[in-house]
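Okay, here's what each chain looks like letter by letter:
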Amino acid sequence: MVNSPEFRAETLRAGVVKRATTLADGRELLYFDDPGTTLGPERAVDTRALDARGETATMRFDVLSGDWITVAANRQNRVMMPSADADPLAPQTPTNPSEVPSRYDVAVFENRSPAFGPALATAHGHAPAASDPPRGLDDLATPGLGRTRTSVGRCEVVCFSPEHTGSFGTQTATRARTVIEAWADRTAALSALPGIEQVFPFENRGEAIGVTLPHPHGQIYAYPYVTPRTTRTLESIARSGPDLFARILAFEQDSERVVLRGEHWTAFVPFAARWPLEVHLMPHRHVADLAETTDAERDELAPLYLRLLRGVDALYDTPTPYIAAWHQAPVHTGRDSVRLHLQLTSPRRAADKLKFLAGSEAAMGAWAAEVTPEQGAARLRAAVESIPEVTA
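Residues numbered from 1 in each chain as written. Predicted model: local features only at pLDDT ≥ 70, side-chain atom pairs only at ≥ 80, totals over all residues. Heavy atoms only, no water.

1. Remarks on the overall build of the protein chain
Then, number 1: Helix and strand content of the protein chain: seven helices and 17 strands.
Then, number 2: Rg of the C-alpha trace for the protein chain: 21 Å, near the compact-globule value of 21 Å for 392 residues, within the 12% margin.
Then, number 3: Within the protein chain, buried positions represent 53% of all 392 residues.
Then, number 4: Here the analysis covers contacts within the protein chain between residues at least 6 apart in sequence; of these, 67% occur between residues at least 24 apart.
Then, number 5: Total accessible area on the protein chain stands at roughly 17,400 Å², and carbon and sulfur atoms take up 52% of it.
Then, number 6: Across the protein chain, the centroid of the 40 positively charged side chains sits 2 Å from that of the 49 negatively charged ones. (Helix = DSSP H or I, 4+ residues; strand = E, 2+ residues; numbered from the N terminus. Rg over C-alpha atoms; globule rule 2.2 N^0.38 Å. Buried < 20%, exposed > 50% of the residue type's maximum accessible area, 1.4 Å probe, protein only. Contact = heavy atoms within 4.5 Å. Areas by Shrake-Rupley, 256 points an atom, 1.4 Å probe, with all protein chains shown as cover. Lys, Arg positive; Asp, Glu negative; His and termini not counted. Charge placed at Lys NZ, Arg CZ, Asp CG, Glu CD.)

2. Describing the packing of aromatic side chains
Then, number 1: One pass over the full model with this rule turns up 18 aromatic pairs.
Then, number 2: Here the aromatic rings of Phe168 and Trp183 are separated by 5.3 Å at their centres, their planes lie at 15°, and the arrangement is stacked. Linking Phe168 in the loop between β8 (154-159) and α2 (173-191) with Trp183 in helix α2, this pair joins segments that are 15 residues apart in sequence.
Then, number 3: Here Phe168 falls in the buried class, since its relative accessible area comes to 1%.
Then, number 4: A residue is classified by how much of its surface remains accessible, and Trp183, at 3% relative accessible area, is buried.
Then, number 5: The rings of Phe116, Phe200, Phe202, Tyr221, Tyr223 and Tyr225 are connected pair by pair, giving a single aromatic cluster.
Then, number 6: Taking the ring centre of Tyr31 as reference, the NZ or CZ of Arg43 above it sits at 5.0 Å. (Phe/Tyr/Trp six-rings, centres within 6.5 Å; stacked < 30°, edge-to-face > 60°. Lys NZ or Arg CZ within 6 Å of the ring centre and 35° of its normal.)

3. Structural notes on a positive patch on the surface
Then, number 1: Together, Arg229, Arg232, Arg239 and Arg274 line one region of the surface with positive charge.
Then, number 2: With respect to the element layout, Arg274 can be found in the loop between β12 (265-268) and β13 (277-283).
Then, number 3: Assessed through its relative accessible area of 38%, Arg274 is described here as partly exposed. (Patch = residues over 30% accessible without salt bridge, like charges linked within 9 Å, V, L, I, M, F, W, Y side chains within 5 Å. Salt bridge = Lys/Arg side-chain N within 4 Å of Asp/Glu carboxyl O.)

4. Some details on the sheet that holds strand β4 (residues 58-61)
Then, number 1: Sheet architecture is open: three strands sit in the order β5-β4-β7, paired in antiparallel fashion. Each edge of the sheet is formed by a strand with only one pairing partner; in this case those strands are β5 (68-71) and β7 (148-150). Averaged over neighbouring strand pairs, the angle between their axes works out to 30° when direction is ignored.
Then, number 2: Sheet topology note: the β4/β5 ladder contains four bridges and is antiparallel. Bridged to Met59 within β5 is Thr70. (Pairing = 2+ DSSP bridges. Axes fitted to C-alpha atoms, helices over the stretch in contact; angles between N-to-C directions.)

5. Focus: the pairing of strand β9 (residues 198-205)
Then, number 1: Taken across its eight residues, β9 has seven buried, putting it largely inside the fold.
Then, number 2: Where β9 and strand β10 (residues 217-223) come together, five bridges link them in antiparallel fashion. In the sheet register, Phe200 faces β10, and the bridge partner there is Tyr221.
Then, number 3: As paired strands, β9 and strand β14 (residues 322-327) are joined by four bridges and run antiparallel to one another. Within β14, the residue paired with Glu203 across the bridge is Ala324.

6. As for α2
Then, number 1: Counted at 1.5 Å a residue, the expected span for α2 with its 19 residues is 27 Å, and the 27 Å between its end C-alpha atoms agrees.
Then, number 2: Among the 19 residues in α2, 16 count as buried, and that is most of the element. (Expected span 1.5 Å × (residues − 1).)

7. Details of unusual backbone geometry
Then, number 1: Residue Pro118 is reached from Gly117 by a cis peptide bond, and omega for that bond is 15°.
Then, number 2: The phi torsion at Ala14 lies on the positive side, around 60°, for a residue other than glycine.
Then, number 3: Positionally, Ala14 belongs in the loop between β1 (8-11) and β2 (17-22).
Then, number 4: Owing to a relative accessible area of 37%, Ala14 belongs among the partly exposed residues under this scheme.

8. As for the nonpolar core
Then, number 1: The biggest cluster of nonpolar side chains holds 58 residues, and the ones touching the most others in it are Trp183, Val259, Tyr305 and Trp326.
Then, number 2: Those residues in contact with Tyr305 that sit more than four places away from it in its chain are Phe168, Trp183, Leu281, Ala324, Trp326 and Leu342.
Then, number 3: With 13 residues, the next largest nonpolar core counts Phe61, Tyr221, Tyr223 and Ala325 among its residues. (Core = buried A, V, L, I, M, F, W, Y, C linked by side-chain atoms within 4.5 Å.)

9. What to know about the sheet that holds β10
Then, number 1: Judged by pairing direction, the sheet is antiparallel, and its twelve strands sit side by side in the order β1-β2-β3-β6-β8-β10-β9-β14-β15-β13-β12-β11 without closing on themselves. A single partner strand is all that each edge strand has here, and the edge strands are β1 and β11 (258-261). Taken over all neighbouring pairs, the strand axes of this sheet differ in orientation by 20° on average, direction set aside.
Then, number 2: α2 contacts β2, β3 (28-33), β6 (106-110), β8, β9, β10 and β14 of the sheet and is inclined by roughly 145° relative to β3.

10. Description of the side chain of Ser346
Then, number 1: Relative to the assigned elements, Ser346 resides in strand β15 (residues 341-346).
Then, number 2: Judged by relative accessible area, Ser346 falls into the buried class, the value being 1%.
Then, number 3: Of the polar contacts made by the side chain of Ser346, one reaches the backbone oxygen of Pro321; its length is 2.5 Å.
Then, number 4: Apart from the residues within four sequence positions on either side, Ser346 is in contact with Trp275, Pro276, Leu277, Thr320, Pro321 and Tyr322. (Polar contact = N/O pair within 3.5 Å; in protein donor to acceptor, adjacent residues only side chain to side chain.)

Next up, the structure:
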């Protein structure tokens, strides 16, 4: 147990204040306070008696696909849809020994049941060195039966609000801006950890997606490899040219698939959308990750992204399940060609119908779309236009 952890405060952009400390088992906890927060600078200490952190999971190499598969049995015991009085992401109370000791605006902490970490390629801070870490990208690309490596990295939980229910889209513009600041801060910090090759912020929303906690939150994964999706993107760039993302954006901006456009960002349904609901959000200039965005880009992103998400929910009478995935360039490769962008997808194809991946799509990766991208864009554009501009 870690006694009396130090609280370190740092002022970030937009007036957001970061306060860093640790939980009782040594995991990192970060508070990100809204500008003008009503919270004071003091934070309660985590006094729980927690077991020591478990061993870091192992990765196994799939020689047929070239993918690395993490085997993390510790994730079997995750909390599943708890009641409000047992919410592990809510501030602690005398009857709820949750993960966050104090009232907060936005809180970020290391996942207790991670797929990656806590060990890193070399010891860093409170993280131990892995026994058999990946030895660079060349090592990970080397074929061979029975190859394993320690699943180094970091998995973090990002709590958007202390409230029990909601999502990113239900937050105020001020709170959204704080979350964006947290994403940018964590992207930079995690990218600097030993052995990290890519950082991925995302939000899973809705039971249909497999969400196990109704609390408004997302996650950030710091991977020890370049993910399969990004590897395929790098291969496409190698075939098509380093300006591929710039050409994609210009192509989509000149189409009927644009959903929402600002000074710095454009949201569009992509030409070859797979899902019944799929929309991308891309910055107008080349930006490798959220840490590279300017104040103006972050300031516009907060209300624009909220309006897009509220438009997604306006499509039906009930909230829409989705995965909101922030694709970022790898840490050490492709940074001049892979552009930051959001990919939001939902399996919802009607008010009471979901698209399930079976046979051809799940086994062979051969997709068939039931909704044309142009139809999807028209419906979503109309829904977004029904949402007033977000100002608070």
